[in-house]
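Observations on chain architecture
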Amino acid sequence: MTAVVTSVQPDAPSDAVMELVGVRKTYPGPVEVLHGIDLTIGRGELLSIVGPSGSGKSTMLHLMGTLDLPTTGSVLIDGVDVATLSDRQLSSFRARTLGFVFQQFYLIDGVSAVDNVANGLLYSGVALGKRRSAAVAALKRVGLGHRLYSPPAKLSGGERQRVAIARALIARPAIVLADEPTGSLDTQTGQEVLSLLRELNGDGTTVIVITHDPAVAKAMDRQVTIRDGLIVSDVARTLEVAR
Amino acid sequence: MSTAAAVRPARLSLTDTVRVGASGLSARPLRSLLSALGIAIGIAAVTSVLGISASSQAALIAQLDSLGTNLLQVQAGQTFGGSTSSLPLTAEPMISRIAPVQVESSVATVSANAYRTHYIPSGETNGIQVKAAKTNLLQTLAGSMSEGSFLTSATENYPVVVLGDVAAQRLGFDHWIPNSLVDIGGQEYVVAGIMSPMPLAPDIDRSALMGYPQATKAFGMSSAPTTVYVRTSPDQVDAVGGVLPATVNPPNPNEVTVSQPSDALSARIAANDAFNSLFLGLGAVALLVGGVGIANVMVISVLERRSEIGLRRALGATKGNVRNQFLAESLLLAGAGGVAGVALGIIITLIYATTRNVQLVVPVSAVAGGIAISLLLGGIAGLYPAIRAARLSPTDALRSV
Ligand SMILES: Nc1ncnc2c1ncn2[C@@H]1O[C@H](COP(=O)(O)OP(=O)(O)O)[C@@H](O)[C@H]1O
Ligand SMILES: [Mg+2]
């Protein structure tokens, strides 16, 4: 296995799933956190956005996840400018097109793993029976077939994050956004979570991992480095795998 | 997935909304229980007050129905001297001639006292009145005998008395003993029986009744009645009441007092209402406190569950979905409190009805109203927290850990 590293911006893929054009974000204060981000992400990419704490990574994830809108510039998903969509349309977009994985997992207490995962289909209008069976399948896929009915409190950190990944992938989203998915895990379990995300990418899902950890970033096919709200490098690693 | 399909919003079904709300409550069972308690207590108070009042009123109304509201009582008004006078001798024949009058009967006061034996000092009358009565008095008053028999056309001619319920007790008759005697005006009278209480004629309860012929014989009493009881056809009560004074005493109709004894019972039903308003007021206060409690719990819940709200928004919940989730929680809390309160109220009413030996009556309006009021309270209490939850921006919700 040889890695050919190019340090130039890769050719913009013809099939862009996500585009950030001149994106700036100002928080009340006012503080400008992102100072003009241009980024194009192709369908099926496995990408990391890496940078030190406070550099604006989570802000970027929120914008890419349509959880917030840029102050200026635009975010396009599948060619659609998200600023043109209503709250209901954005919500629907998130329900069907986007999957999220967070450092804190955000599992709902007192609700079994299956029902937590099934919540990933709740807002797409899928009936309960189908949600549950899809959740069982998703949990089996992340290796938690034996933990279906455990409440989050009874799960280890790695298991919780796998439940969260199952929840993110259950709706078969085009894009999965993960914000520090290994941030609360030890290296070993972190590795397992990353290989799950890599597997997910193998199925054609675009996976965007945000991390402050260069080691995690290096495990991804493309690394976008951000510092103080600006992209400072964008490196693609092409893998030549002998099959 | 095509973009067009992705932006077409899916609706969250009502059952899913309820399910999401319920899961929020079942995750915090103790808190949910306590916050529903206020509403439950308020609704239980209201339901049981209405139920108890309806049950006791039903009993009173049933009593009123069996006694009839078509009884009129005619008495001579007070004279200037303050003493009660007798009605004219012609009063009864004249009254019987009024067409809607079904039956009439009378009593006349006998100026004598009744004692258990003649050894009792004459001052101790125990408030027992001695009266002459027509043999159809019991029937006219819709009364009944507790023991023994009433005066008959035979016994009215002899020293025989029938005792009212209170009079019997005061004379020391816990039970009627055949051939027992009382002393009236120094003569022994055989007690023929004891009457059951007569709610329409409480003064009969305190009387010893003998026949008119015997009263005339023993006390030289004229047969002019002091009180005439009149049963009319039920729809003519007012009309008959209007003509009675002039019929009874044509020259001085204003010396005749006509009353409707059932008014006293009706007044008791009304008095019940006044008493109820007090308890209903207390119930309303409990409900208000319960509603404020739910609002309080919902506000705290929204603050605590910011990250859940953020997560749900990330999973695709619309603002409306989030609002409805918290509204559903609040409605479920209050609704469960309402249902529990209604159940508790019915149990309390049932205990009352069983101990008082009256029929259980729970007004449908109390049940439906109780649940409707709790849902209304839940809606009001939950609205503000739900709107706050919906307005929360997803990023703010996710950042607060
Ligand atoms: N809602 C907000 N209001 C004001 N400042 C914010 C807000 N959210 C984030 N920031 C600031 O923006 C900067 C970038 O934050 P963030 O995107 O979370 O960075 P990262 O995820 O790379 O650590 C930080 O300095 C943070 O304090
Ligand atoms: Mg961050």
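To be clear, the structure that these remarks concern was listed above.
Summary of the structure given here.

Calculation rules
- Residues numbered from 1 in each chain as written.
- Chains lettered and ligands numbered in written order.
- Predicted model: local features only at pLDDT ≥ 70, side-chain atom pairs only at ≥ 80, totals over all residues.
- Heavy atoms only, no water.
- Helix = DSSP H or I, 4+ residues; strand = E, 2+ residues; numbered from the N terminus.
- Rg over C-alpha atoms; globule rule 2.2 N^0.38 Å.
- Buried < 20%, exposed > 50% of the residue type's maximum accessible area, 1.4 Å probe, protein only.
- Contact = heavy atoms within 4.5 Å.
- Areas by Shrake-Rupley, 256 points an atom, 1.4 Å probe, with all protein chains shown as cover.
- Lys, Arg positive; Asp, Glu negative; His and termini not counted.
- Charge placed at Lys NZ, Arg CZ, Asp CG, Glu CD.
- Near = heavy atom within 4 Å.
- Polar contact = N/O pair within 3.5 Å; in protein donor to acceptor, adjacent residues only side chain to side chain.
- Nonpolar A, V, L, I, M, F, W, Y, C, P; charged D, E, K, R; others polar.
- Pairing = 2+ DSSP bridges.
- Axes fitted to C-alpha atoms, helices over the stretch in contact; angles between N-to-C directions.
- Parallel < 35°, antiparallel > 145°, perpendicular 65-115°, else oblique.
- Left-handed = near helix turned anticlockwise from the far one by under 90°.
- Buried area = accessible area lost by both parts, 1.4 Å probe.
- Salt bridge = Lys/Arg side-chain N within 4 Å of Asp/Glu carboxyl O.

**Here's the deal with the overall build of chain A**
Helices and strands together make up the secondary structure of chain A, namely 7 helices and 11 strands. Taken over the C-alpha trace, chain A has a radius of gyration of 18 Å; the compact-globule value for 243 residues is 18 Å, and the two agree within 12%. Overall, chain A is about 45 × 45 × 35 Å in size when its C-alpha atoms are taken along their principal axes. In chain A, which comprises 243 residues, the proportion classed as buried is 55%.

**Observations concerning the overall build of chain B**
The number of helices and strands found in chain B is 14 helices and 11 strands. For 401 residues, the compact-globule formula gives about 21 Å, and the C-alpha radius of gyration of chain B, at 35 Å, lies well above that figure. Burial analysis of chain B (401 residues in total) assigns 46% to the buried set. Counting contacts in chain B only where the partners sit at least 6 residues apart, residues at least 24 apart contribute 81% of the total. Put simply, chain B shows about 18,400 Å² of open surface, and 62% of that area lies on carbon and sulfur atoms. Each charge class in chain B can be summarised by its mean position, and for the 24 positive and 22 negative side chains these summaries are 25 Å apart.

**Brief notes about the environment of R170(B)**
Following the sequence through the fold, R170(B) ends up in helix α6 (residues 165-170). Separated by 45 residues in sequence, R170(B) and T125(B) place their C-alpha atoms 9.3 Å apart.

**A short note on the site of ligand 1**
Around ligand 1 lies a shell formed by Y27(A), V33(A), P52(A), S53(A), G54(A), S55(A), G56(A), K57(A), S58(A), T59(A) and R399(B). Proximal residues around ligand 1 fall on chains A and B, making this an inter-chain site. Interatomic distance of 2.6 Å between a side-chain N/O atom of T59(A) and an oxygen atom of ligand 1. One of the side-chain N or O atoms of R399(B) is found 2.9 Å from an oxygen atom in ligand 1. Here the shell around ligand 1 gets 3 residues from one element, more than from any other, and that element is helix α1 (residues 57-64) of chain A. Of the residues contributing to the shell around ligand 1, the split by class is 3 nonpolar, 6 polar and 2 charged.

**Details of the sheet that holds strand β5 (residues 72-77) of chain A**
In space, the 4 strands of this open sheet follow the order β3-β2-β5-β6 (chain A), with antiparallel pairing throughout. Every other strand in the sheet has two partners, leaving β3 (31-42) and β6 (80-81) of chain A as the edge strands with one partner each.

**As for the packing of helix α11 (residues 306-314) of chain B against helix α12 (residues 319-356) of chain B**
Residue and element names in this part refer to chain B. With their axes 10 Å apart at the nearest point, α11 and α12 run at an angle of 140 degrees to one another. One finds that α11 runs oblique with respect to α12. Where α11 crosses over α12, the two elements pack in a sense that is right-handed. Along its contact with α11, which presents E308, I309, R312 and R313, the element α12 presents K319, V322, Q325 and F326. Along the lines of polarity and charge, the residues of the contact of α11 with α12 split into 3 nonpolar, 1 polar and 4 charged.

**Some thoughts on the interface of chain B and chain A**
Chain B puts 32 residues into the contact, and the matching count from chain A is 36 residues. Carbon and sulfur atoms make up 60% of the area that chain B and chain A hide from each other, which totals about 3,100 Å². The tally of links from chain B across to chain A stands at 2 salt bridges. Our count for the contact surface shared by chain B and chain A stands at 10 residue pairs in polar contact (both at pLDDT 80 or more). Only α1 (3-6), α2 (14-26), α11, α12 and α14 (394-399) of chain B provide two or more residues apiece to the side of chain B that touches chain A. By residue class, the composition of the side of chain B that touches chain A is 16 nonpolar, 7 polar and 9 charged.

**Remarks on the environment of S112(A)**
All names here are of chain A. Structurally, S112 can be placed in the loop between β7 (98-102) and α3 (113-122). Residue S112 is classed as buried on the basis of its relative accessible area of 16%. Taking the C-alpha atoms as reference, S112 lies 30 Å from L46; in sequence the two are 66 residues apart. Leave out the neighbours within four places in its chain, and S112 touches L148, Y149, S150 and P151.

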